[in-house]
Structure formats: structure tokens, C-alpha cells
Amino acid sequence: MNVMEIFETMEYGPAPEAAAPGLAWIKEHEPFGLYINNQWVKPASGQYIESINPATGKQLTKVAAANGADVDVAVAAARTAYETWGKTPGHVRARYMYAIARHIQKHSRLLAVLESLDNGKPIRETRDIDIPLVARHFYYYAGWAQLMESQLRDYQPVGVVGQIIPWNFPLLMLAWKIAPALAMGNTVVLKPARYTSLTALKFAEIMQEIDLPPGVVNILTGEASQVGEALVRHPDVNKIAFTGSTDVGRSIRRTTAGSGKKLSLELGGKSPFIVFDDADLDSVVEGVVDAIWFNQGQVCCAGSRLLVQENIANRLIEKLRVRMEHLRIGNPLDKAVDIGAIVSPGQLKEIQRLVNQGVEEGAVMWQPSWACPIEGYFFPPTLFTNVSPATTIAQVEIFGPVLVSMTFRTPAEAVELANNTRYGLAASVWSDNINLALDVAPKLKAGSVWINCTNLFDASSGFGGYRESGFGREGGKEGLYEYVRPKWETQETPLEALHIAKNSTSSNGSEPNEDEDGETAFQDLAFGSSNGHLATLPAIDRTPKMFIGGKQARPDSGYSRDIYDPQGHMIGQVGEGNRKDIRNAVEAAHAASGWAVGTTHNRAQILYYIAENLSIREDEFARRIVQQTGRPYADAVSEVQVSISRLFSYAAWADKFEGVVHRPPIRGAVLAMPEAIGVMAIACPEEYPLLGFISLVAPAIAMGNTLVVVPSQQSPLSATDCYQVLETSDLPNGVVNVVTGASDTLSQVLADHDDVDAMWYFGSAEGCKNVELASAGNMKRTWVNYGHPRNWLDPVQGEGEEFLRESTQVKNIWIPYGE
Ligand code: NDP
């Protein structure tokens, strides 16, 4: 085609990027090795796996297939390197990371070509989006390495991190994971996806070029069953960071349960793309192109569900069809191509299967009139209308260029439809009415919300999911917390220091009373009297009940549990909670969801009020602690006082844990808002019956969650006494529900419960494991102590931002501005 013909037809001419430099680099490096301790080594298995160019279906090269033995060597190298890298000053780490960023830029074109060859994505995307963002991540996190000593001074690195990444953004996912890990002083063993290892190998070469100390980054190519699983199970790995499918994420949650490994999971999605009738439809059409045809729709946060206000649906669908007709599919190295190849024949087959199912389920499928290339793995952009919300294609992640559209009438209906998914990764909202858009954004259960834009990413802004889209955030300052742990965590806290001795006697001499044998008369402490007259009367029976939906509730089982003091005297009975009580409590907690949308000022007021009412009854609560634990009275008083102070702390935090405004390099801002997680379950520690309860309940409700709390099993009476305090403090019904009984049994029910969004468990190592295992059911977020006690009296361990972060999930709302 000559220039004149192009001018006449306005057809695109070919604009091919040369594959030669990429192919030459591959040739030069064959056979590829594994990258361990800054050396290229042969895989222990002696095996290699094919890497295919998805645009041709032909083999590009073979990469080494690591196995468990290689994982052992790489983890050992990372461990040795950690001893030094973990202590390397932030400024030095920043220099290395700066060098990485620079070298990414120096090799940017080669990286872009390799990525397109290996993955099949258009060169326009790898050149203009993936690779620049990779460099940006290393620059951005070089800054955090520099600032760690001043800005995260109470934190230390986690240790050796195992990172497992998918094939859809191979080098970008590597950067998302490696950059924050190195910045915080961790060392890494990374496994790329088997389809797309090449840019990770080029990245390894860059590590050599910049002389990164040996063992800080190790890259093992190979199969999931050989490398991925071994990494997840390895006892000397301190954290696993995974991006991929929800099913594999769930299995990793189960495998790591109870191991003490930190875990972050970035999983699938079925993100809504909501269009209100006042939106600029031409912009919307381009938005849809970016939402679902970017990277062939193989994007975890792809806007794959188009929700359109009914009165404009026909107009929008018509415009979309016109646009789809003009999309160009083909050779990913052609700079004028919009849609490249699907990564593998397996993925292609799966997309086709789901599309067939959509047709069988009665939805109307539309595809452009042109045909896809015959060679390679291509799938045309596809639009489904007449889709019913419960069908497979409306619920399941297709991970291909397939858009399903549905209509709504009102904003409330839009929110309901948008949230009608087990996922919660992202959403975009299109409206020229900013009030409407900003009203809808917080109601969407999604980690990122884009207003009048979509699929925007930046190192400064966190990314991650709600619900079955996983937990943990990548990007921004919030992403750093995935790669650090509190400094105090290394200190082994001796149990004696925790004042949990069960047989200690009074030491202050004045209270409590001691009998002639020196044994404390615990049973008299709480309710008896020194007044001989009254003491002859039988005490009025006091039956602590459970507290559900703001009402005192008898246990469904009809059974009670005896509570003893350390000397073995029975001091009370509490309800023996069961599955049904938990169910009622979870229901009550859901019904109280209005707590999250109330003002933070109101939450602060109520926390102060609880503190005030507790303080009026300080003596009574102290005596109750003495009665249950046998600790000295003065000690018990200080537990009550610390509890009051803790309530004050969270009343203070309620309107101050505010999030930030990120400034990514766009005209606009990103609001990073910490939001309540929803319904949380809390299993309290055995030690500190009151302080353990308050220290966990206060931050969770301060952040707007509603709770089901299982108090200390041995000493539940402080918590049951508390409901009277809660009742008199204007706390709305159902915000805190207390179910007493066998802690581990109840915790198991809560961890299994699909309507519980997060669970905290402070108990035995075995209990922690069970909670983590069960949480995989609905991928609820967990926070457990792996059987290690905390010193709850110490404000560094017992309160603060760690608790607030565990009580919230960050939503990033992207708001571009300007005409
Ligand atoms: P997977 O979740 O299987 O793979 C992602 C990564 O995890 C790869 O590196 C893979 O290795 C590795 N892996 C797989 N199984 C295990 C395991 N048991 N233990 C440790 N590591 C493991 O995704 P697929 O590539 O199979 O894609 C399937 C579906 O997953 C897609 O259709 C899509 O729905 C979803 N997906 C979501 C992504 C996201 O960004 N959230 C990204 C990719 C896929 P290997 O490559 O060797 O198999």
C-alpha cells in the first residue's frame, strides 16, 4: 500500500517493530539457566520447558525447569544474603534500586519486544505502559528505601520472600513484587509464570549488571508443581506474595495456614464498569476499549461487566459495536494493533468454552465482522447483551476480550448489581455528575474505583482486592506493610512477663482479703461483703448471658459452662455458645452495617462514652479480674486503667486514621481511603480478660466494623460484664456481639462462615492454623498470633496503627480532572 492509497482509504499501514534484537538476545543466552546467587546455574532436573510465541504458536526458546532442590539452594542463598541486605542502610539499598530503574530504562525497548514476543501483548502496551511502569516502581520504591529509617522506624524487614507471579503482566508483576521487597530490606526468590519467563531472565541479567549483592534476588523458572509449590512450602521462607487465580490463591492460603508465613494474595476479579445516563458516551466507549480489550482482557481488574443505565443502553451498545468493528487484531509487534494474542492454547480454549456457555445460557453474542489471524492464538473482541446477572458469564472471570452487559435503572440498583459478585478488585464509574460518582464510589466493594477512567495504575497508589479478590495491597505506602513486621516481634516475650500467672497471690497487702492460710478469698471479692449481716444472705444469682443484636441472649444449646477461679472454685457460669448463636450474631452484625457509614466523630464519641462508663466501674472490673485470674488487685486495677486509656486511644484515632491523597503522574488525584472491612470475628486472648477484649474490640469498631467476639474461654466474665457498659454507652445494637463458650470451637465456626469478612484469632498455634485453613473458604482476611503472646499492657505491642490497618482495607479512588 502506498502513501496515496493510505490517504484515500485512511487504512492503517503496517508499522512493525523489529523482532530481531529480541530474538538475537534469546539466541545469545541459550541455554537459559536459573539465576541463583548472581550465577546462572543449570537446573538440578536437567530439564527445560518450552516458551511459545503466542502470536505464531511456534517455540521461541526453552527455559530451565527448576525443582525443589533448586528452590532449597535459592532460598539458602537468599537467607545468607538477608543477613547483610536486611541490615544494609536504606540509602545504599536506594542506590541499587535507582540503578535498577535506570537500567530498565536503558534496556526498555528490548524488554518491550521480549515481552510482546513471549506474552503476545501489543508492543504499544509493553512499550508505553508495562515497561515505563516497571521503571517507575523501582524509582518510587528507591525513595521508600531511602526513607525507611525515618518513616518506618518501628519496622524491620520480614526476611526471605517467595514471590509467584502470573503471565499477564510478566515484568510489571515482577516489579510490583520485587521493588517494595528490596526497599524494605528483604531478599527474594521469584518464580515467573511458565509461559512468560523471558523478561524476568533479562531482569536477572540487569541485576548482574548493576552488581546487586549475590542472593538478594534469585529467579527460578519452571513449573508450578515443581517450583511454586516448593516455594510455598519451604520452611525458611518468611512470606509468600502471589498474584494469580483465586483457586491457586486459596490453595496457597491452605498450605501456608499455621506456618507463620506472611501472605498477600492478589487474585481474580469480575469488575463492574458502571455508566450513568449523563456520561460522555464517546469517552465511555474509549474507556470500555481500555477496560476489556487492553491486554486482550487478560487483566485481573478488567472492566468485564458493563452496567449501563437503561435509557442509554441501546445508544451505547450501538456505538460500541461501531468501535469494535474498527479494532485491529494481529501481530503484537505491529504498532498499529489494538489486540494481540491470547497467551496460550489452554487459555484460548477456556475463553471459547465460557463464550459457548454464555450463548447456551441465552445471552446474545456479538463479534465484529472481520476474522482473526489463523496462525497463533487469537480471540475476537466479544460483546454479550441480554445477560442475566446470575448466569455463568456474568459471574465467572473469563480472562479474555469478552464483555457482558446488563442494565440498571437507579444508582441503588447499579450498586447492587456491581456488588453482586464474589470478587472485589476494581470498579469504574462514569458520570458527568461528580456528586453522583463520589456517592457511588464508597458503596462499591472494590479495592480500586476509577471515576471516568479505568485501568490506571501507579507505584504511588495501592492496588488489591476485597473479598475473593484477595488481601494485602501492592503499591503506595500501604504496599510496604506487606514487607515489614514490627521491630518488637523478634523479642521473645517471656510468658512470666505477661502477668498471666494463674496462681499468684495478692501483693499489695490491703486488697484482696487473705484468709489464715494466706489463700485469697477470691469468691468473696466481687460480690461478697465484709458486712457480716449481708454475708449471711445468699447472693442474688447473676447470670452472664451472651450479647447478640443489643440483647442479652441465652445460649441456643441450653447448656452453661462453669467458670473457675485459679483455685478451682466455681465463680460463675456463662452460656455455651454454638453454631446457631454464631449464626444469629453474624446476622446481627450484618444488620448493624449502618455503623460503617456513620460519622467518625460519632464513633469517637461512643468510644469515649464506653471509657467513661468503664471508669465509673473501675473497682468492680478490677475485682472481677482478680477473681478470674488470681492476680494482685493493684495489677488488675492497672489492667482496667490501661483498658480505659486504650479506649481513649481509639476514640482519638477514630477520626484521625484518614488515608492519603496520592499524586500519580496524571492530572488528577487518587484518594486512598481506609474503609471498614465489614463483619469481623474476634477470638480474644486468654490472658488479660478485659484488656485483651478491649484492645481488639476498640480499634475494630473505631474503624466502623461490626463484630462477633468470642471472649477468653477461661475468663469470659470481664467481657460479659462489658456488655452492660456497652448497653449504657449508646453503641448501636449489633455492633458488638459477644458469644461465650469453647473458644476454638466457636472460632472454627466463625472462620468457616461465608458471611464473616475477616477474622482475628489470638490463641494457640494450632487454633491459628485452623483459622487460616478455614478462612480459604471465602478468602476472608485473617490476623493471627501463631501462638505467640503479646504484652497487651505495652502500648507498642497492644495498640496502634497495626491494629487500625488490620481493621481496614484501603480503597483507591482515582479522580482525573481537567477538560
Ligand atoms: P495460576 O494462578 O495457575 O498461575 C499464576 C502463577 O502461580 C504462575 O506462576 C503459576 O505457575 C503459579 N502457580 C500455579 N499453581 C501453583 C501452586 N499450586 N503453587 C504455587 N504456584 C502456583 O493462573 P493460570 O496461569 O493457570 O491462569 C488461570 C486463570 O487464573 C486465568 O484464566 C485467570 O482467570 C486467572 N489469573 C488471574 C491473574 C491475576 O492477575 N489475578 C493472572 C493470571 C491468571 P505456572 O505458570 O508454572 O503454572
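Residues numbered from 1 in each chain as written. Predicted model: local features only at pLDDT ≥ 70, side-chain atom pairs only at ≥ 80, totals over all residues. Heavy atoms only, no water.

1. Section: the sheet that holds strand S13 (residues 364-366)
Spelled out, the test is: Pairing between strands is defined by DSSP: at least two bridges between them are needed. Each helix corresponds to a stretch of at least 4 residues labelled H or I by DSSP, and each strand to a stretch of at least 2 residues labelled E; elements are numbered beginning at the N terminus. The convention used is that axes are lines fitted to C-alpha atoms, helices contributing only their stretch in contact, and that angles between N-to-C directions extend from 0 to 180 degrees. Pairs of residues are marked as contacts when any of their non-hydrogen atoms sit within 4.5 Å.
The strand order S13-S14-S15-S12-S11-S16-S17-S31-S25-S24 describes an open sheet built from 10 strands, whose pairing is mixed. The two strands at the open ends of the sheet, each matched to only one other strand, are S13 and strand S24 (660-662). Neighbour-to-neighbour, the strand axes of this sheet turn through a mean angle of 20 degrees, independent of strand direction. Note: strand S12 (residues 305-309) against strand S15 (residues 402-408), five bridges, orientation parallel. For Gln309, the partnering residue across the bridge sits in S15 and is Phe408. Running at roughly 175 degrees to strand S11 (residues 272-275), helix H11 (residues 281-293) makes contact with S11, S12, strand S14 (382-385), S15 and strand S16 (426-430) of the sheet.

2. A closer look at the pattern of salt bridges
Heads up, the condition is: The salt bridge criterion pairs a side-chain nitrogen of Lys or Arg with a carboxyl oxygen of Asp or Glu, the two atoms within 4 Å.
As enumerated under the stated definition, the model contains 35 salt bridges in all. Here Asp721 and Arg624 are joined by a salt bridge, their closest N and O atoms 2.8 Å apart. Taken together, the residues Asp721 in helix H26 (residues 717-727) and Arg624 in helix H23 (residues 618-629) connect sequence positions 97 residues apart. Linking Lys656 and Asp655 is a salt bridge whose minimum nitrogen-to-oxygen distance equals 2.8 Å. Through salt bridges that share partners, Asp247, Arg250, Arg422 and Glu468 make up one connected network.

3. Quick notes on the site of the ligand
This is how it is decided: Note on definitions. A residue lies near a molecule or strand when any single heavy atom of the residue is within 4 Å of it. Think of a polar contact as two N or O atoms within 3.5 Å of one another; within protein, one of them needs to be a possible hydrogen donor and the other a possible acceptor, and neighboring residues in sequence only count if both atoms come from side chains. Methods summary: accessible areas were calculated by the Shrake-Rupley approach with a probe of 1.4 Å, and residue burial reflects only the protein chains presented. All amino acids are sorted into three groups, where Ala, Val, Leu, Ile, Met, Phe, Trp, Tyr, Cys and Pro are nonpolar, Asp, Glu, Lys and Arg are charged, and the leftover types, Gly among them, are polar.
In the vicinity of the ligand, 26 residues are found, and the nearest of them are Ile165, Trp167, Arg194, Ser245 and Glu397. The separation between an oxygen atom of the ligand and a polar main-chain atom of Ile165 is 2.8 Å. Arg194 is positioned with one of its side-chain polar atoms (N or O) 2.3 Å from an oxygen atom of the ligand. Taken by itself the ligand offers 850 Å² of open surface, and the protein chains cover 88% of this. Those elements that place two or more of their residues in the shell around the ligand are helix H9 (224-233) and strand S9 (239-243). Partitioning the shell around the ligand into residue classes produces 12 nonpolar, eight polar and six charged.

4. Brief notes about the nonpolar core
Note the cut-off: By nonpolar core we mean a set of buried residues, namely Ala, Val, Leu, Ile, Met, Phe, Trp, Tyr and Cys, connected to one another through side-chain atoms within 4.5 Å. A 1.4 Å probe rolled over the protein chains alone gives each residue an accessible area, and that area as a share of the maximum for its type sets the label: buried under 20%, exposed over 50%, partly exposed in between.
Formed by 113 residues in total, the largest nonpolar core has its most connected members in Phe138, Leu182, Phe203, Val275, Trp293 and Leu306. Sorting elements by how many residues they give to this core places helix H6 (residues 123-151) first, with 12 residues. With sequence-adjacent residues up to four places away left out, Trp293 is seen in contact with Glu125, Val288, Leu320, Met324, Leu327, Asp338, Ile339, Pro381, Thr382, Pro401 and Leu403. With 57 residues, the next largest nonpolar core counts Cys684, Ala702, Trp792 and Phe803 among its residues.

5. Topic: unusual backbone geometry
The bulk of non-glycine residues show a negative phi, and the bulk of peptide bonds are trans. Backbone torsion omega between Glu30 and Pro31 reads -5 degrees, so that peptide bond is classified as cis. Note on placement: Pro31 falls in the loop between helix H2 (20-29) and strand S1 (34-36). For Asn455, which is not glycine, the phi torsion reads 50 degrees and is therefore positive. We classify Asn455 as buried; its relative accessible area is 9%. The backbone of Tyr786 sits at a positive phi, close to 50 degrees, despite the residue not being glycine. Among the secondary structure elements, Tyr786 is positioned in the loop between strand S30 (781-784) and helix H29 (795-798).

6. Section: the environment of Asn2
If you trace the backbone, Asn2 turns up in the segment before helix H1 (3-9). With relative accessibility at 41%, the residue Asn2 sits in the partly exposed group.

7. A short note on the pairing of S15
Burial analysis of S15 places six of its seven residues in the buried class, the great majority of the element. Sheet topology note: the S14/S15 ladder contains three bridges and is parallel. Bridge pairing in S15 links Leu383 to Leu403.

8. As for the packing of aromatic side chains
Stated precisely, the cut-off is as follows: Aromatic rings from Phe, Tyr and Trp, taking only the six-membered ring of Trp, are treated as a pair when their centres fall within 6.5 Å; an angle between ring planes under 30 degrees marks them as stacked, one over 60 as edge-to-face, and anything in between as tilted. A ring is scored as having a charge over it whenever the NZ atom of a lysine or the CZ atom of an arginine sits within 6 Å of its centre and within 35 degrees of its normal.
Across all of its chains, the model carries 24 aromatic pairs by this definition. With a centroid separation of 4.9 Å and an interplanar angle of 90 degrees, the aromatic rings of Tyr140 and Tyr141 are classed as edge-to-face. Here Tyr140 falls in the buried class, since its relative accessible area comes to 17%. Here the aromatic residues Trp760, Phe762, Trp783, Trp792 and Phe803 are joined through ring pairs into a cluster of three or more. Note that Arg805 overlies the ring of Tyr481, its terminal NZ or CZ placed 3.5 Å from the centroid.

9. Quick word on the environment of Val63
Among the secondary structure elements, Val63 is positioned in strand S4 (residues 58-64). A C-alpha to C-alpha distance of 37 Å links Val63 and Gln367, two positions 304 residues apart in sequence. Discounting residues that sit within four places of it in the chain, Val63 has contacts with Phe32, Gln47, Tyr48, Ile49, Ser197, Leu198, Leu201 and Thr221.

10. Structural notes on the environment of Val92
Topologically, Val92 is positioned in helix H4 (residues 90-106). Along the primary structure Val92 and Ala145 are separated by 53 residues, whereas in three dimensions their C-alpha atoms are 8.4 Å apart.

So yeah, pure geometry; function would need other evidence.
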